[in-house]
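# Summary of structural features
Next come the chains, spelled out residue by residue.
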Amino acid sequence: MTDPRVKNRSLNALFDHISLEISPAERQSELFEKIRGIADQYHFKRANEYKTNVNEDRFVFGKFKGKKIESVYGTEKGRDYCQWLMNQLWFEEKFVDNHCVVCELITASCE
């Protein structure tokens, strides 16, 4: 999952685009407000989920999303996945917190 701030910018860009294509009267319509409300709720839920996962050392993306990183690393399949992640350039750039936890686990297992 990408950083919620990026998602928020994407949603704002989408609504700016929608706003340009509809008249001012339509902008005030009930449907437009409902769509914005749904998008805001979705963003709020995803942002909270992201914060919770980061704070609890859980993966915030991928096939192990929401699972504790240490528990995943405790399995052979999980160790392979973590090793694979460490070889991906985007992992450290996009998911700094998850990268730090995985790095610590790999370093500790080598000692």
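First, a word on scope: everything that follows refers to the structure included in this document. In every chain, residue numbers begin from 1 and rise along the written sequence. Two thresholds apply to this predicted model, a pLDDT of at least 70 for residue-level local features and 80 or more for giving and counting side-chain atom pairs, whereas whole-chain, interface and lining totals are computed over all residues. Heavy atoms from the whole structure form the basis of all side-chain values; hydrogens and water molecules are not counted.

## Examining the overall build of the chain
Note the threshold: A run of H or I in DSSP becomes a helix once it reaches four residues, and a run of E becomes a strand once it reaches two; helices and strands are each numbered from the N terminus. Burial status follows relative accessibility: with a 1.4 Å probe on protein chains alone, a residue under 20% of its type maximum counts as buried, one over 50% as exposed, and anything between as partly exposed. Contact criterion: two residues are considered in contact whenever any of their non-hydrogen atoms come within 4.5 Å of each other. Here the accessible surface of atoms and residues is derived via Shrake-Rupley with a 1.4 Å probe, and residues count as covered only by protein chains that are part of the display.
The helix and strand inventory of the chain stands at seven helices and zero strands. Listing the helices and strands of the chain from first to last along the sequence gives α-α-α-α-α-α-α. For the chain, the residues scored as buried account for 28% of the 111 residues in total. A fraction of 42% describes how many contacts in the chain between residues 6 or more apart in sequence connect residues 24 or more apart. Counting only carbon and sulfur atoms, one obtains 54% of the accessible surface of the chain, whose full area is about 7,800 Å².

## Some points on the packing of aromatic side chains
Selection criterion: Two rings from Phe, Tyr or Trp (for Trp, the six-membered ring) form a pair when their centres are within 6.5 Å of each other. A pair whose planes differ by under 30 degrees is stacked, one over 60 is edge-to-face, and the rest are tilted.
For the structure shown, the criterion picks out 11 aromatic pairs. Their ring planes at 70° and their centres at 5.8 Å tell us that F59 and Y81 sit as a pair that is edge-to-face. Linking F59 in the loop between helix 3 (30-55) and helix 4 (69-73) with Y81 in helix 5 (residues 76-86), this pair joins segments that are 22 residues apart in sequence. Here F59 and Y81 have matching classes, each one buried.

## Looking at helix 7 (residues 96-110)
Counted only if it meets this: Any helix carries an expected span of 1.5 Å times its number of residues minus one. This arc is taken over the directions from the axis of the helix to the C-beta atoms.
An ideal rise of 1.5 Å per residue puts 21 Å on 15 residues; helix 7 measures up with 21 Å between its terminal C-alpha atoms. All of the buried residues in helix 7 are N98, H99, V101, V102, L105 and I106. When helix 7 is viewed along its axis, its buried side chains cluster within an angular range of 165° and face the same direction. Residues of helix 7 that are buried sit in contact with helix 4, helix 5 and helix 6 (89-94).

## Some thoughts on the side chain of H99
Position of H99 among the secondary structure elements: in helix 7. Overall, H99 belongs to the buried group, its relative accessible area being 12%. Excluding residues within four positions of it along the chain, H99 makes contact with M86, F91 and E92.

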